[in-house]
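# Examining the three-dimensional arrangement
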Amino acid sequence: MVMERGALFSPVLVSDLVEKVQGKSSVARLAQYTPIAFNGQKEFIFTMDSEIDVVAESGKKSHGGISLAPRTIVPIKVEYGARLSDEFLYAAEEEQINIIKAFNDGFAKKLARGLDLMAFHGVNPRTGAASSVIGNNNFDAAVEQTVEAPLGMADANIAIETAISLVGDGEITGMAIAPAMRAALARQKTANDAPMFPELSWGNAPQTINGLAVDVNKTVSDMAADNERAYVGDFANGFKWGYAKDIPMEVIKYGDPDNSGFDLQGYNQVYLRAEAYLGWGILSPESFARITEATV
């Protein structure tokens, strides 16, 4: 049962991993999952400039016009590793399976959080610093339509309505909000001093508000440079994400694979490492708006 270098997650574990990521990541829950080729793939965005034309019998047809903008989604390698006692090597097969499953659960949570942090803010989740590998392929860099809410977000609902209006004729299919935005909306009152959003009382985080798919997640504000509070727009059509299908996992028995300065055999340890190739693309940045909170 002990996995050697280069062994792959079984298809069952990969399926389980993807399902868990979709349950823990805002962009994964709000946007469409699509398999990503290891070498990347192009998504073509068609924009038809005119409306359809009514043509009389034997009538003249006119040019409608079309724009074609390709977007390339290239998967980025991410990894997570941890040291274990080398007793793992000698454990019963059931025990090894349980450890692998537990590692799979933890890896899924880290992937989910990492996907959001990379796609929202363009950072390396390990360090919190901007990643040159990701570049501008993130909402903070690509989405120019921004609403700055007052400090304390007393008018959080108005901020959301303003952000939606910035998207214009685009579809609004989802919104990711920070816990601070959820709390601000929960405090909003109607003219009769009743809660405007009673479903948010006592820390509740419903999956829809006013019929719009919503996900409350700390990743919206964590590691953000601009005091982000929400992202709203066409997650269903304007953003895609996915995995390259092979997810390697290995048990390393020798050396110092995490560059900690401690040899594995010298400390009776093994190193469990998993890698994944995550790709995403903001296909139409103009279909989104960001809400930030004023700092002063």
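Residues numbered from 1 in each chain as written. Predicted model: local features only at pLDDT ≥ 70, side-chain atom pairs only at ≥ 80, totals over all residues. Heavy atoms only, no water.

### A look at the confidence of the model for the chain
Within the chain, residue pLDDT values average 85, and 83% of them lie at 70 or more. Confidence scores differ between elements of the chain, with strand β2 (residues 41–48) showing the lowest mean pLDDT of 57 and strand β6 (residues 174–177) the highest of 98. The low-confidence segment residues 1–6 (pLDDT under 50) makes 18 contacts with residues lying over four places distant or belonging to another chain. (pLDDT = per-residue confidence, 0-100. Helix = DSSP H or I, 4+ residues; strand = E, 2+ residues; numbered from the N terminus. Contact = heavy atoms within 4.5 Å.)

### Here's the deal with the pattern of salt bridges
Per the counting criterion, the structure on display carries ten salt bridges. Measuring nitrogen to oxygen at the nearest pair gives 2.5 Å for the salt bridge that ties Arg290 to Glu228. Of this pair, Arg290 sits in strand β13 (residues 288–293) while Glu228 sits in strand β9 (residues 228–233), and the two are 62 residues apart along the sequence. When its relative accessible area of 0% is taken as the criterion, Glu228 is described as buried. A single salt-bridge network, built from bridges that share partners, covers Glu79, Arg126, Glu250 and Arg273. (Salt bridge = Lys/Arg side-chain N within 4 Å of Asp/Glu carboxyl O. Buried < 20%, exposed > 50% of the residue type's maximum accessible area, 1.4 Å probe, protein only.)

### Focus on the nonpolar core
By size, the foremost hydrophobic cluster in this structure holds 41 residues, and its most contacted members are Phe139, Phe239, Trp241 and Trp280. Elements supplying a minimum of two residues to this core: α2 (26–30), β4 (76–85), α3 (93–121), β10 (239–243), β11 (249–252) and β12 (269–282). Looking at which element gives the most residues to this core, the answer is α3, with ten residues. Filtering out sequence-adjacent residues up to four positions away, Phe239 remains in contact with Val27, Ala31, Gln32, Ala119, Phe139, Asp234, Trp280, Gly281, Ile282, Leu283 and Phe288. Ranked by size, the runner-up nonpolar core spans 22 residues in total, among them Val147, Met181, Leu200 and Leu212. (Core = buried A, V, L, I, M, F, W, Y, C linked by side-chain atoms within 4.5 Å.)

### Describing the layout of surface pockets
Approximately 480 Å³ is the volume attributed to the largest pocket. Every residue lining the largest pocket is counted, 22 residues in all, and those nearest its centre are Val78, Glu79, Asn124, Pro125 and Arg126. Looking at the lining of the largest pocket, the elements with two or more residues in it are β4 and α3. Residue composition of the lining of the largest pocket, by class: 14 nonpolar, three polar and five charged. (1 Å grid on protein atoms, 1.4 Å probe; cavity = no way out; pocket = protein on both sides within 12 Å on 5 of 7 lines; lining within 4 Å. Points joined across faces, edges and corners; volume = space filled by probe spheres on them. Nonpolar A, V, L, I, M, F, W, Y, C, P; charged D, E, K, R; others polar.)

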